[in-house]
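Observations on the three-dimensional arrangement
Given next are the chains, with one letter for each unit.
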Amino acid sequence: MTAPAEQGQLKRGLSNRHIQLIALGGAIGTGLFLGSAGVMSSAGPSMLLGYAIAGFIAFLIMRQLGEMIVEEPVAGSFSHFAHRYWGPFAGFLSGWNYWVLYILVGMAELTAVGKYVQYWYPEIPTWATALAFFVLINLINLTHVKAFGEAEFWFAIVKVGAIVGMILLGLYLLVSGAGGEQASVSNLWTHGGFFPNGIGGLVAVMAVLMFSFGGLELVGITAAEAENPRKSIPKAINQVVYRILLFYILALGVLLSLYPWDSLVQTLTSGDDAYARSPFVQIFSLIGSDTAAHVLNFVVLTAALSVYNSGVYCNSRMLYGLAEQGDAPRLFLRLNRRGVPVMGILISGLITLLCVALNYVLPEGALIILMSLVVAALVLNWAMISLSHLMFRRSMQQQGVTPTFRALWSPLGNWLCLAFVGFILVVLLLDSSTRLSVFALPVWVMVIGICYLLKRRAA
C-alpha cells in the first residue's frame, strides 16, 4: 500500500477546482443535515437568523485567516501563524488543538454516517457502518493528494447538486400547490411565531449552529498543496458568504415552508435521540415524496463522508506542519513517493477508531457528546485565529507591509469574533448536556501546556 517513507516536501497537487469545492464542502455537513433537527426543536423558524449570525462570524474569521494564508501559504497554517506571530506555546497549542478538533469531527461524521445508513437498514448498528467507511476513506487518502482532491470534488458536487435540486423542487411544490395544503411560506411565522420559544430558544442552540461552520477554515490547510494559493484561496473565501446564504438560509427556508415546523419536530424527535434523523430527508417523506427522501438520504450520507474525508487529510497535514516547526515528532515529516504523509494518516486513524467504541457503548448519545466537544475545541481554534491575526497585522504594520488580501473590519472584526466565541462558551455552560465540554477546555489547555514543558525539557 505505502512506499518506503522518506522526508520531503508536500506536492502541490490541488487545482483551483479542488480548492473551490473543498471550501464549499466544508460548509455542508452533519451540522446542516443532521444537527438542524435539534436546532429546529428549540429555535423553530428563528434558526434561519441563527445560521445567518454564525455564518457571518465564520466569514469574518475566514477573512482573517485568508489574509495570513495569502502572505504565507504553508502547511499547518493555524499553528504556523500562532507560532510565528504570537509565540512557541501558542503555535503548539493551536496545532494540537486543531488536530484533536478534527479527530472529534471525524468521530462525529462517522457516527452520523451510521444514522443515515439506518434510514435504509435500521438493523445495522452505527459502529459497524462507522468502521466500514473509516477503512474506505483512509485508503483513499493513503494513495495521493490528488485522490483526496478528486474524492472531495465529487463529494461536493453531489452535495451542491442535491441542495440546488432540493431548493428547486421545494419551490415548485410551494408555487404549484403540489406540496399539499400545509405547504406555505406562512409556516415561518404562523406556528408560534418566528421565535416560538423566545430569543432564549435560539440562544440555546447557537453552539450547535457554530458546529455547522466548523469545516470552513479547512481551506487554510490546503494552501501548501494548492497550485496557485494566492489566487484560489481568496476566491474560495470570498464565496463563503454566498454559499451560506444559498445552502443554509435558502435551503432551510424552503424546508420550513413545506411543512409546519412543530409537526415536523414531533416526527423527528419521536425516538430518544433528537439528532437521529435528518429533517431534509424526513420532510419529503412526510409529504409523500419517497423517492426524493431516499435521494436526499444518499446525499446527506455523502456529505458526512465528505467532511470525514477532509478531516483525514487535514489531520495528517497538521501533524506535518507541527513536525516542521518542531512541535511534533519528526516521523510525521516522512512522506512516501507520492508525497503522502502516511504516518500522520495512520496515527490519526488509530485515534479516530475510538469512535467505533463510543458508538458501541452509547449508540444514541454519541453524536451530541461529540458535537459539544467539537464546539469547545472550535471555540479555542477560532479565538486563536483572531488573536494571531491581530498580532500578524501588527507585525505587518511594523514592517511597512500591506497585505494583498485584507480582513474585514480589523481590528473591530477580530474583537467581535472573540466576543462571539465567549458567548458560545456561556451557552455551552448553561446547557447540562454540553457543560462538561466547557469544564474540559481549561483541563485540555493545561494538558497541552504540560506536554509543551516536557517537550522543551527534552530538547
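Quick caveat, the model's predicted, so the values are computed rather than measured. (Residues numbered from 1 in each chain as written. Predicted model: local features only at pLDDT ≥ 70, side-chain atom pairs only at ≥ 80, totals over all residues. Heavy atoms only, no water.)

1. Structural notes on the overall build of the chain
Note the threshold: Counting from the N terminus, the helices are DSSP H or I runs at least four residues long and the strands are E runs at least two residues long. Accessible area is worked out with a 1.4 Å probe on protein chains only. A residue is then buried under 20% of its type maximum, exposed over 50%, and partly exposed in between. Any two residues whose heavy atoms approach within 4.5 Å at even a single point are treated as in contact. Using a 1.4 Å probe, the Shrake-Rupley method yields the accessible areas, and only the shown protein chains count as cover for residues.
In terms of helices and strands, the chain carries 20 helices and 2 strands. Considering the chain as a whole, with its 459 residues, one finds that 60% of them fall into the buried category. Excluding contacts between residues fewer than 6 apart, the proportion of contacts in the chain whose partners are at least 24 apart in sequence is 84%. Carbon and sulfur atoms form 66% of the exposed surface of the chain, whose accessible area is close to 17200 Å².

2. Looking at unusual backbone geometry
Looking along the chain, the bond that leaves S410 and enters P411 is cis, with omega of 5°. One non-glycine residue, W409, lies in positive phi territory at about 60°. Relative to the assigned elements, W409 resides in the loop between α18 (366–399) and α19 (412–430).

3. Side note on the pattern of salt bridges
What counts is decided by this rule: What makes a salt bridge here is a side-chain nitrogen of Lys or Arg within 4 Å of a carboxyl oxygen of Asp or Glu, nothing more.
Within this structure, the stated rule accounts for 3 salt bridges. The partner of R393 in a salt bridge is E67, with the nearest N and O atoms 2.7 Å apart. Residue R393 is found in helix α18, and its partner E67 is found in helix α4 (residues 47–71); the two are separated by 326 residues along the sequence. You'll find R393 and E67 in the same group, each marked buried. Ionic pairing is found between K455 and D327, a salt bridge with its closest N-O pair at 3.5 Å. On the criterion of sequence distance, the pair formed by K455 in helix α20 (residues 435–458) and D327 in the loop between α15 (290–324) and β2 (334–335) is long-range, its members being 128 residues apart.

4. With respect to the side chain of N97
Its place among the elements puts N97 in helix α6 (residues 88–120). Given the relative accessible area of 0%, N97 is considered buried. With sequence-adjacent residues up to four places away left out, N97 is seen in contact with A377, L380, N381 and W444.

5. A few points about the environment of L255
With respect to the helices and strands, the residue L255 is situated in helix α12 (residues 240–258). Between the alpha carbons of L255 and F280 there is a distance of 7.1 Å; along the sequence they are 25 residues apart. Among residues more than four places away in sequence, those in contact with L255 are M40, P279, F280 and I283.

6. So, empty space enclosed by the protein
Quick reminder of the rule: In this analysis a 1.4 Å probe is tested at points of a 1 Å grid over the protein atoms alone, and where it fits but cannot get out there is a cavity; an open set with protein on both sides within 12 Å along at least five of seven lines is a pocket; lining residues have an atom within 4 Å of a point. Grid points are joined across faces, edges and corners, and a volume is the space filled by probe spheres set on the points. Note on residue classes: Ala, Val, Leu, Ile, Met, Phe, Trp, Tyr, Cys and Pro are nonpolar, Asp, Glu, Lys and Arg are charged, and everything else, Gly too, is polar.
Taken as a whole and judged by the stated rule, the model has 3 cavities of 30 Å³ or more. By volume, the second largest cavity is sized at about 50 Å³. Considering the residues around the second largest cavity, the lining is formed by Y102, I103, G106, N138, Y308, G311, V312, N315, I345, S348, G349 and T352. Of all the secondary-structure elements, those providing two or more residues to the lining of the second largest cavity are α6, α15 and α16 (342–352). Considered class by class, the residues forming the lining of the second largest cavity number 5 nonpolar, 7 polar and no charged.

7. Some points on the packing of helix α7 (residues 126–141) against helix α8 (residues 145–176)
We count it as follows: Axes here mean lines fitted to C-alpha atoms, for a helix over just the part in contact, with angles spanning 0 to 180 degrees between N-to-C directions. Angles below 35 degrees are treated as roughly parallel, those above 145 as roughly antiparallel, those between 65 and 115 as roughly perpendicular, and all remaining angles as oblique.
One can describe the packing of α7 onto α8 by two numbers: an axis separation of 7 Å at closest approach and a directional angle of 125°. With respect to α8, the element α7 is oriented oblique. Facing α7, whose interface residues are I137, I140 and N141, α8 presents A147, F148, A151 and F155. For the contact of α7 with α8, the residue count by class is 6 nonpolar, 1 polar and no charged.

8. Structural notes on α8
Filter applied, for reference: Expected span of a helix: the number of residues minus one, times 1.5 Å.
With 32 residues, α8 extends 46 Å from end C-alpha to end C-alpha; this agrees with the ideal 46 Å at 1.5 Å per step. Positive backbone phi, approximately 85°, marks G177, located one or two places after α8.

9. As for the confidence of the model for the chain
Note the threshold: pLDDT is a residue-level measure of predictor confidence that goes from 0 to 100.
Taken over all residues, the pLDDT of the chain has a mean of 83, while the share at 70 or more is 88%. Segment residues 1–5 is flagged for pLDDT under 50; beyond a separation of four residues in sequence, or across chains, it makes 15 contacts in the model.

10. Focus on the side chain of S42
Keep this limit in mind: Whenever a nitrogen or oxygen atom comes within 3.5 Å of another N or O atom, the pair is scored as a polar contact, on the condition that within protein one atom can donate a hydrogen and the other can accept it, and that pairs from neighbouring residues in sequence are kept only if both atoms are in side chains.
When you line up the elements, S42 lands in helix α3 (residues 35–43). At 2.8 Å, the side chain of S42 and the backbone oxygen of G201 are in polar contact.

11. Focus on the packing of aromatic side chains
Two measures describe an aromatic ring pair: the distance that separates the ring centres and the angle between the ring planes. We apply this condition: Geometry of aromatic contacts follows a simple scheme: Phe, Tyr and Trp rings, the Trp one being its six-membered ring, pair when their centres are within 6.5 Å, and the pair is stacked under 30 degrees between planes, edge-to-face over 60, tilted otherwise.
Within this structure, the stated rule accounts for 11 aromatic pairs. Here the aromatic rings of F153 and W154 are separated by 5.1 Å at their centres, their planes lie at 90°, and the arrangement is edge-to-face. A relative accessible area of 12% means that F153 is categorised as buried. On the numbers, 5.2 Å between centres and 85° between planes, the contact of F194 with F195 is edge-to-face. Among the residues examined, F194 registers a relative accessible area of 31% and is labelled partly exposed. Overall, the relative accessible area of 29% leaves F195 in the partly exposed class. These aromatic residues form a ring-pair network of at least three members: F89, F92, W96, W99 and Y452.

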